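Report on the structure
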Amino acid sequence: MSNQAWKDRYADSMLGIFGTPQLVLKSGSGVWVQDEDGNQYMDLLGGIAVNALGHAHPKVARAVAEQASKLIHVSNFFATPPAIELGEFIRKITALPGAKRSPSSKVFLANSGTEANEAALKIVKEWANRNSKPRILALEHGFHGRSLGALSITHKVAYRDPFAPLLPNIEWIETGNIAALEAAFSAGDVAGIFVEPVQGEAGVLPLSKQYLQKVRELCDQTGALMVVDEVQTGIGRTGDWMGHHFAGITPDVITLAKGLGGGMPIGATVTMTENATGVLKPGQHGTTFGGNPVAAAAALAVLGEIESGALLNHAKNLGESWRQDLKALDNPHILDVRGRGLLIGIELDGNFAQGVVTEALRAGFIVNAATPHTLRLAPPLIIEAQQAAAFTNVLPELIQKATRS
């Protein structure tokens, strides 16, 4: 069937919260995907930072098939070896490089980044109630998910207003402004703060080392919990296992998803300190599908391949050289190129990012407009330099066509 025929069936059957799909994709391999009309595209979005090893990676596919032939689901009354092994691996990679994993670090497995942040929010809420600290801080332009809890700490008004009132006592502070951060903590009644090392949905806006360190310092001084949302930045995306590792800090809670499963639905909430680990008691949280052995097996394959394939250094080095090459285009319509590792934002001088996305698709590249004026690149970590260069070389032409249309 053609793309259009499938789109018609989609419109007939599916709730239209995502609008009309751009394409109907049927297969993929590495950084490439193919649609129902037989067209091939270089995927520079990676399922929005999900397909860390690209499409149809043989080790992930084999891990999924082998586990599915043994055991698919057991409920949370039981445990499985893949889930336990994954918890151990996550404890290892969330620790600072060179540091031993803390005996306080513990893992809760969920199914998505939103669910991971829901669990983190419940930890902070219980901590707030226990310590009579009612306020929870989040950053302007931050994004943490679409459920009512995660939405309560997501800044975008258009996302929140239709579902108001949401959780009370949430306050947003200016991203990256240390003076505003210190002022927000000055009353001593903050229970916790949620930050992203790089705000991906806001247009790939990185936080500085100094800012993250100041958050940790203020949380230590006031007894607040520091939650780092690594849903988009974790699992090697920035060139380190965790996007905050460059700052040399240990949060109280880390949330993971996206790249963790390489395409399988999985999320994780990781408590890193004694304060955070001791908050939730048996019966205070749960999930039916969290720790699913098939998803856990896929995640183990992803983490093992990243570790053994030197993909952290690859993401760091290629990301840096790619950003420099994009800047070297010296295109008058490109105001800034920013990011860390293979999470890259290209800021344009007008609200025509979606036009570039459309032209890129016609040219065989999948990219994303994170904002009306910012392109986002989050390709598989296995992308090669010549593949990145192919997009860089064609970008001026894409911009030219988008600005003329």
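Everything below is about the structure printed above this text.
Residues numbered from 1 in each chain as written. Predicted model: local features only at pLDDT ≥ 70, side-chain atom pairs only at ≥ 80, totals over all residues. Heavy atoms only, no water.

Each helix and strand in the chain was counted, giving 14 helices and 17 strands. In terms of overall size, the chain behaves like a compact globule, its C-alpha atoms giving a radius of gyration of 21 Å where 405 residues would be expected to give roughly 22 Å. Taking the principal axes of the C-alpha coordinates as reference, the chain spans close to 55 × 55 × 45 Å. In the chain, which comprises 405 residues, the proportion classed as buried is 53%. Intrachain contacts of the chain at a sequence separation of at least 6 include 71% that bridge at least 24 residues. Counting every atom, the chain has about 17400 Å² of accessible surface; 53% of that belongs to carbon and sulfur. Computing the positive centroid from 34 side-chain charges and the negative centroid from 38, the chain places the two 4 Å apart. (Helix = DSSP H or I, 4+ residues; strand = E, 2+ residues; numbered from the N terminus. Rg over C-alpha atoms; globule rule 2.2 N^0.38 Å. Buried < 20%, exposed > 50% of the residue type's maximum accessible area, 1.4 Å probe, protein only. Contact = heavy atoms within 4.5 Å. Areas by Shrake-Rupley, 256 points an atom, 1.4 Å probe, with all protein chains shown as cover. Lys, Arg positive; Asp, Glu negative; His and termini not counted. Charge placed at Lys NZ, Arg CZ, Asp CG, Glu CD.)

What follows covers the packing of helix H3 (residues 58-68) against helix H11 (residues 293-308). Their axes nearest at 8 Å, the elements H3 and H11 cross at an angle of 150°. Comparing their axes, H11 and H3 come out roughly antiparallel. Considering the relative orientation of H3 and H11, their crossing is right-handed. Counting all contacts with H3, which are made through Lys59, Val60, Ala63, Val64, Gln67 and Ala68, the residues of H11 involved are Pro293, Val294, Ala297, Ala298, Ala301, Val302 and Glu305. By residue class, the composition of the contact of H3 with H11 is 10 nonpolar, 1 polar and 2 charged. (Axes fitted to C-alpha atoms, helices over the stretch in contact; angles between N-to-C directions. Parallel < 35°, antiparallel > 145°, perpendicular 65-115°, else oblique. Left-handed = near helix turned anticlockwise from the far one by under 90°. Nonpolar A, V, L, I, M, F, W, Y, C, P; charged D, E, K, R; others polar.)

With omega at 0°, the peptide bond leading from Ala164 into Pro165 counts as cis. Residue placement: Pro165 occurs in the loop between helix H7 (157-160) and strand E6 (170-173). The backbone of Ile48 shows a phi angle near 60°, a positive value even though the residue is not glycine. Locating Ile48 in the fold gives a position in helix H2 (residues 46-49).

Read from one edge to the other, the open sheet built from 7 strands follows the order E4-E12-E11-E10-E7-E5-E6, with strand pairing classed as mixed. Both outer strands of the open sheet, strand E4 (106-110) and E6, are each paired with one neighbouring strand and no more. The average angle at which neighbouring strand axes cross in this sheet is 20°, direction not considered. By the bridge criterion, 4 bridges tie strand E7 (residues 190-195) to strand E10 (residues 225-229) in an arrangement that is parallel. Among the inter-strand pairings, Ile193 is bridged to a residue of E10, identified as Met226. Lying on the sheet, helix H4 (residues 81-94) is in contact with E4, strand E11 (253-256) and strand E12 (267-271); it crosses E4 at an angle near 120°. In the packing of helix H8 (residues 178-185) onto the sheet, contacts are made with strand E5 (135-139), E6 and E7, and the angle to E7 comes to roughly 155°. (Pairing = 2+ DSSP bridges.)

It is worth spelling out helix H5 (residues 113-131) at this point. With 19 residues, H5 extends 27 Å between its outermost C-alpha atoms, agreeing within 8% with the 27 Å of an ideal straight helix rising 1.5 Å per residue. For H5, the full list of buried residues reads Gly113, Ala116, Asn117, Ala119, Ala120, Leu121, Ile123, Val124, Trp127 and Ala128. Its side-chain oxygen at 3.1 Å from the backbone nitrogen of Glu115, Ser112 defines the N-terminal cap of H5. At the exit of H5 stands Ser132, carrying a positive phi of roughly 50°. (Expected span 1.5 Å × (residues − 1). Polar contact = N/O pair within 3.5 Å; in protein donor to acceptor, adjacent residues only side chain to side chain.)

Here we come to the nonpolar core. Judged by nonpolar contacts, the single largest core of 64 residues is most densely connected at Leu86, Leu260, Ile306, Trp322, Ile346 and Phe391. Counting residues per element, this core draws most heavily on H11, at 10 residues. Ignoring anything within four residues of it in the chain, the contact list for Phe391 reads Leu44, Trp322, Ile346, Phe365, Val367, Leu377 and Leu398. Grouped together as the second largest cluster of nonpolar side chains are 20 residues, Val195, Tyr211, Leu218 and Met226 included. (Core = buried A, V, L, I, M, F, W, Y, C linked by side-chain atoms within 4.5 Å.)

The mixed open sheet is built from 4 strands, whose spatial order is E1-E2-E3-E15. On the outer flanks of this sheet lie strand E1 (25-29) and strand E15 (365-366), each paired with one strand and no other. Here E1 runs beside strand E2 (residues 32-35); their pairing, made up of 4 bridges, is antiparallel. Paired with Ser27 across the two strands is Gln34, which belongs to E2.

Attention shifts here to H3. Residues Val60, Ala63 and Gln67 constitute the buried set of H3. Each buried residue of H3 lies within a common arc of 65° when the element is viewed along its axis, so the set occupies one face. On its buried face, H3 is in contact with H4 and H11. (Arc of directions from axis to C-beta.)

Among the secondary structure elements, Glu182 is positioned in helix H8. The exposure class assigned to Glu182 is partly exposed, which follows from its relative accessible area of 35%. Here the alpha-carbon distance between Glu182 and His155, two residues 27 residues apart in the chain, equals 20 Å.

Okay, the pattern of salt bridges next. Considering all chains together, one arrives at 16 salt bridges under this definition. Among the ionic pairs, Glu305 bridges to Lys59, the shortest N-O distance being 2.9 Å. Of the two residues, Glu305 sits in helix H11 while Lys59 sits in helix H3, which places them 246 residues apart along the sequence. Among the residues examined, Glu305 registers a relative accessible area of 17% and is labelled buried. Looking at Lys59, the relative accessible area reads 39%, which means it is partly exposed. Several salt bridges share partner residues, and in doing so they unite Arg135, Glu171 and Asp189 into one network. (Salt bridge = Lys/Arg side-chain N within 4 Å of Asp/Glu carboxyl O.)

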